Structure formats: structure tokens, C-alpha cells
Amino acid sequence: MSKQINFQNIYYMNMYQIFIFDPVSILSIILTTVIGSCVAIFSYRFMGGDKNFFRFHFLLSLLILDGVFLSITDNFLLFFILWIFLNTILVILMIHKFEWVAAVESGKLALKNFCLGAIFLGLAFSLFYLETSANSFSELISCGKKSINLDIGLIFLILTAFVQSAIFPFHKWLISSSNAPTPVCAIMHAGIINGGGILLTKAAPVYLDRPDLLNIIFLFGLISCLIGSIWKLMQSNTKRMLASSTMGQMGFMIAQCGMGLFSSAIAHLLWHGFFKAYLFLSIGSSLEEDKNNKPNLNISVIAQSIVLGGICAFVFSHTLQRPFFSKDSSIILTITCLIFGAQIAVNFLKGKSIKQFFYLAIAMSVIGYIYAIVIHLVELFTSSAGLNYYVPINGFHLSCLLLWLLAFIFVLLIRSYPKFLQQFSQYQRFYVYMLNKSQPAPQTITSHRTNYHY
Amino acid sequence: MEELVLKDFIRKSWNKIAPFWPIENLISVNPLQGFEENSFEDALIENERYFNRKDIPKDLLIINQITIKWLQVFFDEKQSVIGMPLKEQGFLKAILKLLVFDGTAHLNKDENRAFIRKLRPEPIEIISLCLREMSVELEQIEVFCTLLLTTLPGWASFISYKSFWEKSKSNHFILNEEYLAFRILLFYLISKSPASLISWHQKEIEFTKSKEQFEKIQNNETAYQKNLFNLLQNQTSSNQKKSKAQFIFCIDVRSEPMRKAIENLGDYETFGVAGFFSLPIEVHSKCTQNSFASCPVLLKPDFSINLKEKKKRKFIQLFRKFYSSTKYSIISPFALAESTGFFWGLFLVVKSFFPALSQYFSRKCMESTIEQRVDLESISTIPFDKRVDFAYNLLNGIGLVKDFAPIIVFCGHGGQTLNNPFRTALDCGACGGRPGGINAQTIASILNDQKIRQLLKIKGIKIPEETVFVGAFHNTTTDHIHLFDENCNQKSRLDLIKKDLAKAADINRSTRIKNLGYSKKEHPFFRAGDWSQPRPEWGLAKNGSLIVAPRALSRDVDLGGRSFLHSYDYTLDEDASVLSSILSAPGLVAFWINSQYLFSTLNNVIHGAGSKITKNIIGKFAIVQGNDSDIMNGLPLQSVYKTDVEPYHESMRLSIIIYAPLEHIQKALDGTLKIKSLCLKEWIHLFHWDPQTKLINKFTVC
């Protein structure tokens, strides 16, 4: 951490230390209002005839309003109040029908979780105030003080973010949240859950000064990312599949924070928000979705797809004006892009054909370019906030990334040679273990029809 | 205990369960099929006793959870990427190997683990072993087995479909026994006290609710029948002039108002017949390599018809492949979300704020079912004499054997809806829950074949040379009728007909809008393309009767879109065999549809799919509620209810009204014992419309 970070940059329109209009809050407002209004319009007809129609829309409007204010709040006290209010409204929206026992139970589970988050947040803010007498995030950032108590406060802040973003081990509520009406799922998975990322970003400069804390964030982010991704592939239940996917995506976003890539994390939560909101609202169409075919793996296909993935990643990093083989944390994005490209190629490659390879190479360049542009848009917008700080890559990162790649290869193997692995009792045991872990809390399942209530 | 005795008990318990088709072709069934032996009134009581108990024992809830978990992953072939290991070895074999590792099932007890380990995957063996271990008495075996099925009715129904109805039975043929063995095994591991379950079931409770329900149904029926019979008896049938065109519609209740609108516009004649036009075919798409049966489930499709697909679909396939290959993987979904997030956001905004624009684009890009064309060459794969038979039976069955109009339109139908997993509930029930445009095009093409006409002539049906048959598709959501007239040489006549069809559609739409009190923004066109619309149309809601009679007799009556209309002329059917087959096929399907709507309305929690707002999809084949639940078999709340509390459908049993002499009906009934018994047990009301006196009276079955 030799390079000095310019803290002055974070001062934008700071109104009496209560509201702040920096790029992150503006992006967050955009996300909240766009998704909020789309969900509200969607539910206007979707919820037609529901007996709680008016309560639902009233609460949904309150939720969006709260989200907007939360995005721009700088003051600790106001932030705390809005945070609690936001999650409380969410819980009521999630339950929706109080006669349905399973829905109430998943609401309770979420509420317990959010209460824990509120306690963590309260402790964090109190410690910040006691230690630095800061009233707001911007004051906290500018004080530049270091102490054990402050670090403990920062850990509490991390825990709050974990709770909100359903990071392992605080993920159960999210996996059990599908009793909520579809529009609520959409706004929860696309908006509210991003709260953790936004929270960490608000205090980003402080964390960038503390590599150990960043490593904690990275580790838990990566674990969630792995678990969520594997669970997602195992689910036969569409909404639970989406919930596990969100857990994985949030893990990835938090891991990005942990590598100092706060700006990339913001890009991720923004684009993922739109993606997930769309997927939830269009859940009725998921029947038409194609089944993913088994890739046919052989040396030629693997070699070709790695080259094609490389082309994709090269165009990506070149467009972002980053070195292809960087020694800092930006390499995680390049690797992701490489795997993305290779994954596409694996599924499209059939036999050996120069023409096909050529077409795919062009497609890869286009994909890499588009990918870079959408990331660049967000980074450009937030560049003045100095949120991206490329942490030099260390052994810890490397071993974690290795784990990540191993998981990727493992999944590729399971998918390509399912018959081979399934004969081992260790694999069977692993499957059952993971299946059981990815189930929602038992009390949130409607085990008998008569317990359902609309 | 003897194996045969046990097998008999198992068969009897499965008889209580009605099958349930996967959501991709939602076939209506009577959810109380297993109780059709009882009278309707008694079945309502049994319904309460078996399915509507609120005080479920706690052990059973745990057993249900485990069952749900394992069945989902076993039957899922389309959603999960990392599937259940060993499942190609069959259900029981796989589950026994995996259950050893499942702490929720063996409760981490060593003796339970050992018990599972030593079991052989023989269902009967496991069932009898567990029964012996729990010392279930002989006379209680049947009720015990039945209870294990009826306490998770949705899944039992699905298994019933898989083992008794699925066309391509791969390794599911003893699935019913395997499933029961699994349930009993779980019961043994977790509860171990069958006596308490049985005494819970036999506990005396008041069944006041079923009485209320029965009275309500009766009141609805009396009011409806009185009104209907008044209309039918008091009309004066007008003489039919020679018609410009004849339309053959499906018997579906939604065809009735459309037919009326067309008839009122001029010299048009319409007929009603089951919408698969007596073609037992299967439709195959070369592009997606999928095929589905396009005929009633009672028939087995014998012939395969190909679709003619357009080029532009290929591009969409490419994009879908890109999407699904990166979404269902590890790591690449993160890049997928980031790189395409912007576009999803754009779609979201356009769909929400500019719905008209989004509908325009989706029409441009997606091939809708309306445009599905038949590859005419594939029709010739049906043997020639079969084609002649199909054509002859169809025309004879509806009484269209003379006075052919120059243009005859076969009208298949289907609904148009977006983002709706229940979309097949809006399609043609006679086509196995699929849109019927393909069948219409096929039969039209068969009848346009001069060689076939020559043979029909020999059999006594003389079709004039100038007569042209045209296939068509009736979009029941928007009431638009599309003619497949590319190869037709009578352009000027067809243009006139098209104009009239547009007018008729307009009339029918306005009536619907007026009756339902829709505002301008809720126009059917908008509903059909709205991805957030839970009620694109009302489907077959409010259906109440099946009228088997010549159309001329009901032509001038406003039946309110509540009647299935089957054209039938008893004078052409001397031995009553046609009537018998009408009752046993379209009649039975109409009964199934009617009872599906009836029970989904009566109690949407136990026989319906619940609210669409909290629906969840498993394995892309069934609907559950929330995190997980039993398979919610039946129609969703929004298909039969206006609001959470106010039903739209009126629950009533089907009234079949037949225009034929008494002896004729009696003869036909003797040919269809199923319908006869349903009438006897009052599941169906049968009425006799006397050709002489023109009076409608209750037909007493004896």
C-alpha cells in the first residue's frame, strides 16, 4: 500500500454531512428507480385481484423511496434508520400472505437475519463514532485514523454487508426466500441484496488501506461464489436456482471488493441487478428455455476453446487498456473473461473446421469488446471516486483463484463424464451433502397442500 | 403374505389417484377420478376426508419434505445441470444408494443405515418387509398404502401419469410400486407407527363443507339448466340457405360465440367437432428436434407430421445456445451477467414503459404458434387408405355429407400469451393441450387431394370439384382467425371471407370486452402480448354443457360461450355408433375439462395450482408453490377467480344434451360404459332433446 489514495476526490455535493451525491450513489439511485419502477408497473397487472393489492403497492413505493434515500445518505444515524426501515418493509412484502405459514416462516428467518445485520451495523457505527467521532461515511474516510477498535468496527461493517448480501454463512434466508411473490423476489435479488456491496463501497477508501480486512472479504466472497455456483447447477427448482445464482453472483461481487476492485463490484451489481430482475419477472417463460447440451470434450476442442477464450480476454483487456498478464488484481477480470469465452467456444465447437474457428474468433472479439465497454462505462462514471485500486496479487489470492479454477474443471468433468464420477460413493456422498445443504429451512417448505394459503 | 395379494392392494391404492400431465401439455382430468365409483355427493365427502385435512401429523410432513426433495431431482431432466447420480439405473436403485448418505432420512441412526444398506431394489420386497416390521394388519394395508399416496396427492398424480400414461415408457413401468416402496420405507425410518396414521384418517370429523359445496353446485346447475333449456326449446329453427362457406370449429366453448358472430354475418354455416379433426398425429420440429402428440391423450399418435420452419429461427437458436451454455456453468455466469446486463435492463425498460414497442419486436423475432406451418410433403407419410378413412369418419361424424360450400374452413385453435407456464391450458384440449393449427392444415390438405375425393365419392360423399378446403387458426385470446391459404386458387372468395372474419372477430371481441367490463387499456390484443398479465383470457371458464345436435337447432340462441357444441345428425347414424364414439371421446374430454374447472374453483388449494404470484417451477415440468411444496396439479387461481375471493367460473357438473330419439341414446350409452356409469353416479347430467316434441328432459340411465 505504498501508493497514496487521493481521499479528497470523494467530496462531491455533500449536504450538511447528511446526503452525498457521488457517482456510486447516483448509480445506486439509477438501479433502484429503474428496477423499482419496472417491478411496480409489472405488478400493477400481475397482482391484479390480489386481496393485499393496495398494501403491496404502498409498501413497494415506500421501499423504492427508502432505497433512493439510502443510496445518497452519508450520515450514520439516518443511514441506520433507513436501513432498518428498508429491511422491515422487505420482510412484510416477502410474507405478503400472513395466513400462509411457510411464508411467515421465511419472513421470520429473513427478519432474524436482518436484525443481526442491524445489530452489526449499529455496533460498527457506534465504534466509528467513539473512535473517530465521525458522524458520516465521508468523515470516517477523511479522518485517516488507525486503531484496533476502528478495525473491529470495520469488521462489523463487513459482517453487516455479508448479512445483507447473503454471503456464506448468512445465506440461508435467501435460499428460503422463494415464498415471496415474484415481483418481490425480483426487487430483492436485483436491488435490496446489493446493499452489502454498496455499504462496503461507501467505506471503500478505508478498506483499501487495510489489506488484511480485504483478504477476509475476498475469502468469504469466494466461498459464497463457489458454493452458490455449484448449488445453482444442482437445483431443479427454478426460483431456488435463481436464489443460489444470486448467492454466487453476490459472492463474486464481494470477492471483487476484496481485491480492491470496488468499481468493478459496482459494475457487477448494477448489471447483475438488471439481469436478475429480468429473469425473475420472466420466470413464466423459463419453460421455453433450452436445456444446456453436454459439451463434447476432447483435446482439440479444449485447445481451440482456450485460444478462443484468450482472444476474447485479449480484446477485453486491450479495450480496457490493461495489460493482458497483469500482476495485480485486475487479472481476475481477465481470467473471468477468458473462461467466459472458452465456455462459449466449448459449446459451439463441432469437430475441426478453420471456417468455424474463424467465425468464432470474430464472435469472441465482439463479445470481449462489448463486455469491456459495459464495464468501462461504469468505471468511467465512478473513476473520479478513486474506487478501483489494483491490489498487487499475493499468494493468498493465487491459491484461492486456483481453487476457483479447480472447481471450474470439476464441474466441467461432472457435466462431461457424469457416468464416470457417479459410481464413486464419495461423489454420491458429496452430492447428497450439497443437496441437503442447499435446501431451504424445513419450516419454510409447504409440506402439505392444505398448509398453503393464497 | 402372498405377492399377488399385496400387488392387488397396491393397485387398489393407486386407483384412488388421478393422473396429472406435465405442464408442457396440460391435459384436464377429473382430480377425483379415483372416486368416480362413488356417487358425486359421496365423492365430495371422500375428497374432504382424503385431501382436505388440516391436522397433518408432524412425521408425515417430514416424510413429505424428503419425498419432495428426492422426486424433484429424480424427475428433473431439463433444469439442473448436475443431476442426481445413478438415476438412469431406475428410481429405487438410485435412491437406495443415495439414501444411505441422507441424514434427514435415516436420522443418523446406525440401525437405519444398516437397514437401508441391506435392502434390495425390489419394490414389493421392500413394501412387504416394511409392512411386516411395522406389523400392519392385513385389512389395513390398503388404506395405509392409499394414505401414503393421498397425503402427497400432486406427486402421486404425477407418478400415476409417469407409470400409466406416458407414451414413451422408458424405465418407469414399475414406478408406481417403486414410489410406494420409497414412501413406506421413509415412513418406517421416520415414523414407525402406521396405526396412528390410520386412526388419524378414520377419526370422525364433521364434513359440513362438502354439503355446502354440493348445495352450491346444485343451485348453480338448476339456474343454468333452466335458462338454457328455455332458450333451446323456445327457439324457432330457421331454414338454412345454401351457404357461401362452411366452417368447422373445435367443440371448445370459446368457438361458440365466434361461430355465432360468423353466422350472423351472412350465409355461413358452422360445424363443431373435436379440434384434432380425427387425426392421430404427432408434430415434429426439425429445428428443435422436439415432437409432441397433437391428438387426445386417449389416442396414440400413429403418424408424424413435420413443421415447415423459417430461417430466422436459427439466429435465435444461436443466441439461446450462447445464453444457456454460459448461464449453466461455473464462473461464466458472472461474465454473462456483466456483459449482457445492460441489454436486460433495456428490455426491462422497454417492456414496462413501451409495451407496444416490445410487442412489435417480439412479433418480428419470435415465431408464434399462429404461424406454424405444416410441411405438406410429410402428410404423404400417412398411408393413403388411412387418409381416406380419417376424412370419411370426420365428415360423416358431423353430418357434412352433402351441400358442400365452395369454401370449407377447418379452424384449429390456441391461445396467445406471454410468460405464462400455464399457456397450454389455453390451447386445444382435443390436441393434447397444444395449438390445433397443424391438424387443421393437415386435414384440409388431405381433403384437397383429388384422389382422396374420388374414393370418398365411392363411399358416398360427393365433394364438388370447385370446393376448396382451407386450414385456419383461431387465436382465442384475440379472436383473430388466420387462414393458411397460400396454395388456394379462390383468392377473390377468400378475400371476402377474410373481411367477414375480421368483422366477426371485432364483434366477438367487443362482446367479451363489454361482458367482462374491461377498460380500453385491457384490450385482448394488449393482454395477449403482456408479459405481466395473469389473465390473458378466461379459457374454458364458465363451461357448463355439451350439446350434441345439429347446429341449426342452437343457431339463434345466445349460449354465452358456455357450451361445447358437437354437430351430430342422428338420421345419418343408424346404429348409434357415431353417437357412442362422440360420448366416449369428446364427451369424456369435455367431462374432464368440466371437472378440472369445477374442482379448481371449488378448492383451489387442493385441486388447483394456487396463485400465480408465488408459483415456482420444478424441472420445467410442474408448478409448486413458494420454496417447495407438493406438485400443484390443476388450474391456477387466476384462471378461475376474478380476485382472491370472487370466482369467475361457476362450479357445476357437465350437462350433456343430446338431440336424438330415446332408444338411440340408450343404444349409444350401452356402447360407452364409462359415460353410462358417470351418468348413473351423477357426475354428468344427461338430457334428452326429443326430435318430435322438441322438449328437453332428464335422461334416466338404467
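The notes below deal with the structure included here. (Residues numbered from 1 in each chain as written. Chains lettered and ligands numbered in written order. Predicted model: local features only at pLDDT ≥ 70, side-chain atom pairs only at ≥ 80, totals over all residues. Heavy atoms only, no water.)

Comments concerning the interface of chain A and chain B
Next up, step 1: Every contact between the two is made by 106 residues of chain A and, on the other side, 111 residues of chain B.
Next up, step 2: Buried surface at the junction of chain A and chain B, both sides included, amounts to about 9800 Å², of which 63% is carbon and sulfur.
Next up, step 3: Broken down residue by residue, the surface that chain A buries against chain B is led by Tyr-278, Arg-449 and Tyr-454 of chain A, which jointly contribute 9%.
Next up, step 4: A salt bridge links Arg-45 of chain A to Asp-530 of chain B; the nearest nitrogen and oxygen atoms lie 2.3 Å apart.
Next up, step 5: Only helix 1 (23-46), helix 11 (211-234), helix 12 (238-258), helix 13 (262-281), helix 15 (331-348), helix 16 (354-382), helix 17 (395-416) and helix 19 (425-437) of chain A provide two or more residues apiece to the side of chain A that touches chain B. (Contact = heavy atoms within 4.5 Å. Buried area = accessible area lost by both parts, 1.4 Å probe. Salt bridge = Lys/Arg side-chain N within 4 Å of Asp/Glu carboxyl O. Helix = DSSP H or I, 4+ residues; strand = E, 2+ residues; numbered from the N terminus.)

A word on the packing of aromatic side chains
Where two aromatic rings form a pair, the distance of their centres and the angle of their planes describe that pair.
Next up, step 1: Throughout the structure, instances matching the rule amount to 71 aromatic pairs over all chains.
Next up, step 2: Taken together, a centroid distance of 6.0 Å and an interplanar angle of 65° make the contact between Tyr-44 of chain A and Phe-53 of chain A edge-to-face.
Next up, step 3: Take Tyr-44 of chain A: its relative accessible area is 55%, and that puts it in the exposed class.
Next up, step 4: Here the aromatic cluster, defined as three or more aromatic residues joined through ring pairs, consists of Trp-21, Phe-74, Phe-75, Phe-91, Trp-155, Phe-158, Tyr-161, Trp-165, Phe-182, Trp-592 and Phe-621 of chain B.
Next up, step 5: Its end group placed over the ring of Tyr-648 of chain B, Lys-542 of chain B keeps NZ or CZ at 4.6 Å from the ring centre.
Next up, step 6: The aromatic ring of Phe-687 of chain B is capped on one face by Lys-698 of chain B, whose charged end is 5.4 Å from the ring centroid. (Phe/Tyr/Trp six-rings, centres within 6.5 Å; stacked < 30°, edge-to-face > 60°. Buried < 20%, exposed > 50% of the residue type's maximum accessible area, 1.4 Å probe, protein only. Lys NZ or Arg CZ within 6 Å of the ring centre and 35° of its normal.)

Description of the layout of surface pockets
Residues and elements named next belong to chain B.
Next up, step 1: One number sums up the size of the second largest pocket: a volume of about 880 Å³.
Next up, step 2: Residue lining of the second largest pocket: 37 residues in total, with Pro-257, Arg-512, Asn-515, Gly-560 and Gly-561 positioned closest to the centre.
Next up, step 3: Here the element with the most residues in the lining of the second largest pocket is helix 21 (residues 491-516); it accounts for six residues.
Next up, step 4: Of the residues that constitute the lining of the second largest pocket, the class distribution is 17 nonpolar, nine polar and eleven charged. (1 Å grid on protein atoms, 1.4 Å probe; cavity = no way out; pocket = protein on both sides within 12 Å on 5 of 7 lines; lining within 4 Å. Points joined across faces, edges and corners; volume = space filled by probe spheres on them. Nonpolar A, V, L, I, M, F, W, Y, C, P; charged D, E, K, R; others polar.)

With respect to empty space enclosed by the protein
Next up, step 1: Applying the stated criterion across every chain yields a total of 14 cavities of 30 Å³ or more.
Next up, step 2: Here the largest cavity is characterised by a volume of approximately 250 Å³.
Next up, step 3: Every residue lining the largest cavity is counted, 18 residues in all, and those nearest its centre are Ser-28, Thr-32, Gly-67, Gly-191 and Ile-192 of chain A.
Next up, step 4: When residues of the lining of the largest cavity are traced back to their parent elements, those giving at least two are helix 1, helix 2 (53-72), helix 3 (76-95) and helix 9 (195-202) of chain A.
Next up, step 5: A total of five residues in the lining of the largest cavity trace back to one element, the largest contributor, which is helix 2 of chain A.
Next up, step 6: Taken as a whole, the second largest cavity encloses approximately 170 Å³ of empty space.
Next up, step 7: Forming the walls of the second largest cavity are 18 residues, and the residues nearest its centre are Leu-26, Ile-27, Ser-28, Gly-429 and Ile-593 of chain B.
Next up, step 8: Within the lining of the second largest cavity, the residues separate by chemical class into twelve nonpolar, five polar and one charged.

Honestly, it's all geometry; don't read function into it.
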